[in-house]
Amino acid sequence: MATGTSHSSQQPIDTYTRLAHLLHSPAPDRTALLDRLYEELLTRESRAYAAGWTDALTEAGRGRGGRP
């Protein structure tokens with residue numbers, strides 16, 4: 001199963017459009033489709049997790065009189 005994240009230089013697209021593209025693009029079999037969806041989920045989850053930590057660290061810094 002694919003567990004890495006892909007890095008692309010293309011413009012970011014919304015979740016619905018990306019998932020629709022994955023579901024409508026040809027996949028050799030069900031396993032390949034599930035691998036694609038799983039990788040997309042991991043990518044989005046990683047970005048959301050990182051953004052949450054960035055926000056939390058920023059807020060913590062503000063609370064202690066740190067940088068804005």
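Our subject in this report is the structure included herewith. (Residues numbered from 1 in each chain as written. Predicted model: local features only at pLDDT ≥ 70, side-chain atom pairs only at ≥ 80, totals over all residues. Heavy atoms only, no water.)

### So, the pattern of salt bridges
Tallied over the entire structure, the rule returns three salt bridges. Two residues, arginine 44 and glutamate 40, come together in a salt bridge whose shortest N-O distance is 2.8 Å. With arginine 44 and glutamate 40 both in helix H2 (residues 30-63) and four residues apart, this pair spans about one turn of that helix. Among the residues examined, arginine 44 registers a relative accessible area of 24% and is labelled partly exposed. (Salt bridge = Lys/Arg side-chain N within 4 Å of Asp/Glu carboxyl O. Helix = DSSP H or I, 4+ residues; strand = E, 2+ residues; numbered from the N terminus. Buried < 20%, exposed > 50% of the residue type's maximum accessible area, 1.4 Å probe, protein only.)

### Section: the environment of aspartate 14
If you trace the backbone, aspartate 14 turns up in the segment before helix H1 (15-24). A distance of 2.3 Å separates the side chain of aspartate 14 from the side chain of threonine 17, its partner in a polar contact. (Polar contact = N/O pair within 3.5 Å; in protein donor to acceptor, adjacent residues only side chain to side chain.)

### Notes on a nonpolar patch on the surface
Together, Tyr49, Trp53 and Leu57 make up an exposed nonpolar region whose accessible area comes to about 400 Å². With respect to the element layout, tryptophan 53 can be found in helix H2. (Patch = residues over 30% accessible without salt bridge, like charges linked within 9 Å, V, L, I, M, F, W, Y side chains within 5 Å. Areas by Shrake-Rupley, 256 points an atom, 1.4 Å probe, with all protein chains shown as cover.)

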